[in-house]
Each structure stands twice: as structure tokens, then as C-alpha cells.
Amino acid sequence: ITIVLNETERLTKLTNSLLTLNNLNTKGMLLDKTDFDINQVIRNTASTFEGTCHNKSIAIEMILTGNEMYVHADMGKIQQVLYNLMDNAIKFSHHDSVIHIETSEKKNKLFVSVKDTGIGIPKEDLDRIFERFYRVDKSHSNQKKGSGLGLSIVKHVAELHGATVELESTEHIGTTIRVVFPQ
């Protein structure tokens, strides 16, 4: 029953990711933009991973600028971005590690960074990591579950909002993904 339940959960996530990606590619897709506190959305999203983090002894450290930081965006889609980034950070982090989530403002831009000290991405894969279905299938990561859609969704949603995605990664050291929103 546990195996069937896990497989059902995996297929549900895959189906939802495919539907999200398909909707993002539909021309003329409308965003439901509002002003919302991205710091609170980060806190709420991080809280959904408490069980997983506890099981892997991973701590999430948040360095959020100000009590509140407002962004004009589609909150549901930004939640998906944050979820995907945190999910990857946890998935590819070692036991007993820390994930850093940070928000900051500089020169009319809002920065949201998720940094892990996990397995990192090999240099030769960095250019392709945001492609649909692309997975780094080396011996150190093929036991990790995933469809290769999460970062593609991150990039598409960011671009819909006029934001950019920056990636820094070193194999065996970790990865930082930063979403930069115009204000």
C-alpha cells in the first residue's frame, strides 16, 4: 500500500507539473497580479516542508528583509516557484545541512534566493538545467525522484512576471538560485 501511495503521489505531482507547464505556454495567459507580502508566502511555503526537513535533519534559515516585503505578482504562481525551489534544495541537500532563504531589495529590484549546500550541479549541465524534463542523471543523483519540470516552471513563471532567474552551482558544494523581480 505504501508503494502504491508513493507512486500515486509521484504521478499526481508529475501531472500537475505538466498541466502547469502547458498553461504557462498558452498564449495570452492572464496573470492574477496583486500586491502581497512575499516574506509571508516564503514562511508559509517553508512550513509545508517541516516534516521532510525533520526527517533529513535539514534546517531552513530565513533572512527576510523587513517584516513585510511587497511584490506585485500572481501569488499562486509565485508560491509554485518557491515550492519548486525549496523542494529541489531539500531533495538535493545532505542530511544535517542548512538551506538559506533570503529576500533583499537593491536598485528597484527584489531578490529572492534559495541556497543549499547539497550535491550541486556539474558544470556541463548548468546550461540545460532549466530545460523541460532535463535531469542530471549521474550516479550521485539518479536515486533522486523528480520529473525535470520544476526548474522549467520556475523559469517560465519568472519570465511571465518580467523577472530573471540566476543560477550559481558548484558540484559537491551546493546551489543558489535567485529570482530577481523588477519593482
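Placed above this text is the structure.
Residues numbered from 1 in each chain as written. Predicted model: local features only at pLDDT ≥ 70, side-chain atom pairs only at ≥ 80, totals over all residues. Heavy atoms only, no water.

### Description of the overall build of the protein
If you tally the helices and strands in the protein, you get five helices and seven strands. Taken from N to C terminus, the helices and strands of the protein fall in the order α-β-α-α-β-β-α-β-β-α-β-β. Residues classed as buried in the protein amount to 39% of the 183 residues present. When contacts within the protein are restricted to residue pairs at least 6 apart in sequence, long-range pairs at least 24 apart make up 70% of them. Of the roughly 10,500 Å² of accessible surface on the protein, 51% is carried by carbon and sulfur atoms. (Helix = DSSP H or I, 4+ residues; strand = E, 2+ residues; numbered from the N terminus. Buried < 20%, exposed > 50% of the residue type's maximum accessible area, 1.4 Å probe, protein only. Contact = heavy atoms within 4.5 Å. Areas by Shrake-Rupley, 256 points an atom, 1.4 Å probe, with all protein chains shown as cover.)

### Structural notes on the packing of helix α2 (residues 38-47) against helix α4 (residues 75-91)
The N-to-C vectors of α2 and α4 enclose an angle of 50°; their axes lie 10 Å apart at closest approach. Comparing their axes, α4 and α2 come out oblique. As α2 packs across α4, the resulting crossing turns out to be right-handed. Counting all contacts with α2, which are made through I38, V41, I42, T45 and A46, the residues of α4 involved are M75, I78, Q79, L82, Y83 and M86. Here the residues of the contact of α2 with α4 are counted per class, giving nine nonpolar, two polar and no charged. (Axes fitted to C-alpha atoms, helices over the stretch in contact; angles between N-to-C directions. Parallel < 35°, antiparallel > 145°, perpendicular 65-115°, else oblique. Left-handed = near helix turned anticlockwise from the far one by under 90°. Nonpolar A, V, L, I, M, F, W, Y, C, P; charged D, E, K, R; others polar.)

### Thoughts on the packing of α4 against helix α5 (residues 150-160)
Running from N to C, α4 and α5 cross one another at 145°; their axes reach a closest spacing of 9 Å. Considering only the axes of α4 and α5, their crossing is left-handed. Residues K77, I78, Q80, V81, N84, L85 and N88 of α4 pack against G150, L151, I153, V154 and V157 of α5. Residue composition of the contact of α4 with α5, grouped by class: seven nonpolar, four polar and one charged.

### Quick notes on the environment of E50
As for its placement among the helices and strands, E50 is situated in helix α3 (residues 50-56). For E50, a relative accessible area of 55% translates into the label exposed. Taking C-alpha positions, E50 is 9.0 Å from I60, a pair spaced ten residues apart along the chain.

### What to know about unusual backbone geometry
The phi angle at S57 is positive, at roughly 55°, despite the residue not being glycine. Within the secondary structure, S57 sits in the loop between α3 and β2 (59-64). Look at S57 and you get partly exposed, because its relative accessible area is 39%.

### Some thoughts on the packing of aromatic side chains
Applying the stated criterion across every chain yields a total of one aromatic pair. When the ring centre of F130 is taken as reference, the NZ or CZ atom of K155 above it lies at 5.4 Å. (Phe/Tyr/Trp six-rings, centres within 6.5 Å; stacked < 30°, edge-to-face > 60°. Lys NZ or Arg CZ within 6 Å of the ring centre and 35° of its normal.)

### Some details on the side chain of R178
Relative to the elements of secondary structure, R178 occurs in strand β7 (residues 174-182). A polar side-chain atom of R178 sits 3.2 Å from a polar atom in the side chain of S113. Among all residues touching R178, those that are not within four sequence positions of it are F111, V112, S113, T164, V165, E166 and E168. (Polar contact = N/O pair within 3.5 Å; in protein donor to acceptor, adjacent residues only side chain to side chain.)

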